[in-house]
Each structure stands twice: as C-alpha cells, then as structure tokens.
Amino acid sequence: MATRQAGDVIGGRYRLAAELGAGGFGRVWRAHDETLGVDVAIKELRLVPGMSEADHVDRLARTTREARNAARLRRHEGIVTIHDVSWRTICPGSSWS
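Novice: How would you summarise the sheet that holds strand E3 (residues 26-33) if you had to cite specific residues and measurements?
Specialist: In spatial order, the strands read E1-E2-E3-E4; together these four strands make up an open sheet with antiparallel pairing. Each having just a single partner strand, strand E1 (9-10) and strand E4 (38-45) make up the two edges of the open sheet. Sheet topology note: the strand E2 (residues 14-23)/E3 ladder contains eight bridges and is antiparallel. Residue Arg15 lies in a different strand from E3, and its bridge partner there is His32.

So this is what it looks like as structure tokens:
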C-alpha cells in the first residue's frame, strides 16, 4: 500500500488529517473536503500486492456494495452519509494513486 500521511490530498479535493483506524480491508482517515469545506471520513481500500485478480475483483465489489448499502440507509442516525466513491485513482497496492 502506498504510504499516506496527514496533509496528502486525495482525488484533488480531500486533504488527509489523521488516520482514524485500520483493518484487513484498509484504513479510515479523517479528512477535509476542500471543495465543499467540510470534514469527512475517507476509506482507503487495501489492494494487497500479489492478490489474485479474482480476489481483487471481489474486494472491489464488496467495498462497492458496502458504500451502496450505506448510501441507501443515509437517513439512519447510526450510518455515515456516503458523498463520493471513486475508482479512477486505483493503482497496484493501493486504492489511490
């Protein structure tokens, strides 16, 4: 996974502030959306080098389902609101270029 740190800008608009947590699928960051001027959480998907193409496709599909399900439940007070999903910056070993 590419090394990210506070201050990095992702997708031309999200400035990373601090890592909030990490797990088997990646990391979650506190960030600031510089376009909208609001604080957000960013999920960085971990794409492990050497992962089979089938596992890579499965991981992307599972993450997409998670985002879609959360977006459908956005009015629930215990569910975060999904504002953006981007696959355009995927590179080997990381979900960001």
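Next comes the rest of the account.
Novice: Give me the environment of Arg30: which residues, what numbers.
Specialist: Note that Arg30 resides in strand E3. Each C-alpha atom, one on Arg30 and one on Leu20, is 6.3 Å from the other, the two residues being 10 residues apart in sequence. In this view, Arg30 contacts Arg15, Leu16, Ala17, Ala18, Leu20 and Val40; residues no more than four positions away in its chain are not counted.

Novice: An account of the environment of Val40 is requested, with residue identities and associated values reported.
Specialist: Position of Val40 relative to the elements: it lies in strand E4. Sequence separation between Val40 and Val80 is 40 residues, and the spatial gap between their C-alpha atoms is 9.7 Å. Non-local contacts of Val40, meaning those with residues more than four positions away in its chain, are made with Tyr14, Trp29, Arg30, Ala31, His32 and Asp33.

Novice: Report on the nonpolar core, specifying residues and quantitative values.
Specialist: Listed in full, the seven residues of the largest apolar core are Ile10, Tyr14, Leu16, Trp29, Ala31, Val40 and Ile42. Elements with a minimum of two residues in this core: E2, E3 and E4.

Novice: Outline the pattern of salt bridges, listing residues and values.
Specialist: Taken as a whole, this structure holds six salt bridges when the rule is applied. Where Asp8 meets Arg4, a salt bridge forms, and the shortest distance between an N and an O atom there is 3.9 Å. On the accessibility criterion, Asp8 (18% relative accessible area) is buried. Looking at Arg4, the relative accessible area reads 15%, which means it is buried. Through salt bridges with shared partners, a single ionic network connects Glu19, Arg27 and Glu44.

Definitions and cut-offs
- Residues numbered from 1 in each chain as written.
- Predicted model: local features only at pLDDT ≥ 70, side-chain atom pairs only at ≥ 80, totals over all residues.
- Heavy atoms only, no water.
- Pairing = 2+ DSSP bridges.
- Helix = DSSP H or I, 4+ residues; strand = E, 2+ residues; numbered from the N terminus.
- Contact = heavy atoms within 4.5 Å.
- Core = buried A, V, L, I, M, F, W, Y, C linked by side-chain atoms within 4.5 Å.
- Buried < 20%, exposed > 50% of the residue type's maximum accessible area, 1.4 Å probe, protein only.
- Salt bridge = Lys/Arg side-chain N within 4 Å of Asp/Glu carboxyl O.

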